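Chain by chain, the residues run as shown.
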Amino acid sequence: MAPDSGCLARLVAIHGGGVRAAEIKPGQEAACSVVEPIVVEALMMRTATEPLRVTLQPPATLSCAMATSVAQWLETSVQPLAKGYFTRDITALRVGGGHECRRRNRSATGPLSEHSTGQALDIFAFVIGDGKSDGTIVVEKPDGAIQERFLGAIRHSSCGAFMTSLGPGSDAAHANHLHIDIQPRRSASSRFCQ
Ligand SMILES: [Zn+2]
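What counts, and where the lines are drawn
Residues numbered from 1 in each chain as written. Predicted model: local features only at pLDDT ≥ 70, side-chain atom pairs only at ≥ 80, totals over all residues. Helix = DSSP H or I, 4+ residues; strand = E, 2+ residues; numbered from the N terminus. Expected span 1.5 Å × (residues − 1). Bend = angle between axes of the 7 residues up to and from the residue. Buried ≥ 20, exposed ≤ 12 C-beta atoms within 10 Å, placed from the backbone. Pairing = 2+ DSSP bridges. Axes fitted to C-alpha atoms, helices over the stretch in contact; angles between N-to-C directions. Parallel < 35°, antiparallel > 145°, perpendicular 65-115°, else oblique. Left-handed = near helix turned anticlockwise from the far one by under 90°. Contact = placed C-beta atoms within 7 Å. Nonpolar A, V, L, I, M, F, W, Y, C, P; charged D, E, K, R; others polar.

Participant: With reference to specific residues and values, describe helix H2 (residues 64–86).
Facilitator: Its 23 residues give H2 an end-to-end C-alpha distance of 30 Å, which sits within 8% of 33 Å, the value for a rise of 1.5 Å per residue. Maximal helix bending in H2 amounts to about 45°, located at Leu74. For H2, the full list of buried residues reads Cys64, Met66, Ala67, Thr68, Ser69, Val70, Ala71, Leu74, Val78, Gln79, Leu81 and Ala82. Positive phi shows up at Thr87, right after H2, with a value of about 50°.

Here it is in structure tokens:
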């Protein structure tokens, strides 16, 4: 996608000040450069009533395409699931590993991680509820049957929304978080979902 693709403008039209173009650091390793890097602080969801603000804690640097995919997934899957399981809104994601120039699973050798191109995000916890009127639930790892079902449904939905979805149970490197990315795989039709 070319830098003038209009992707950022489309994101800003929906998410306002929650997204902005990231500074491109000079001299960055070419293999690690992000196409249209965007700093995502908060994404706006349409709801039946007023728009809902979902913050990323801490803000993540993502490619514009990944930021768009995350926003769509939050609105079409995560928010409805939070409502359905907890009758509260999703209000934040605790995340890590937006853009980071490193190899897969932090190995010294081997292929570069999808995080190197801003095409990936790691989610450590879902914060549900506004902490005021309705209390807050932080879903980190399954704590009880409802949280387990919620996280199972989240995993399912992420498999459809992203090219790769790896979470607890897939391997040791993903025991405590959900990794999602939009890096094209060898075959366009193959998604990786564990
Ligand atoms: Zn990851």
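What follows picks up the thread again.
Participant: For the pairing of strand E8 (residues 178–181), give the residues involved together with the corresponding values.
Facilitator: Note on strand geometry: in a regular strand, side chains alternate between the two faces of the sheet. Side chains Leu178 and Ile180 project from E8 onto one buried face, and the interleaved His179 and Asp181 project onto a second face that is buried too. Strand direction decides the pairing type here: strand E5 (residues 120–128) and E8, joined by four bridges, are antiparallel. Pairing of Leu121 across the sheet is with Ile180, part of E8. Summarising the sheet, strand E7 (residues 164–166) and E8 pair through three bridges and their orientation is antiparallel.

Participant: Account for the packing of H2 against helix H3 (residues 145–161), naming residues and giving values.
Facilitator: For the pair H2 and H3, the least separation of the axes is 10 Å and the interaxial angle reads 155°. Considering their axes alone, H2 and H3 lie roughly antiparallel with respect to each other. The way H2 lies across H3 gives a crossing that is right-handed. Note on element contacts: H3 touches H2 through Ile146, Arg149, Phe150, Ala153, Ile154, Ser157, Ser158 and Ala161, opposite Ser69, Trp73, Ser77, Val78, Leu81 and Tyr85. Tallied by class, residues from the contact of H2 with H3 come to nine nonpolar, four polar and one charged.

By themselves these figures say nothing about function.
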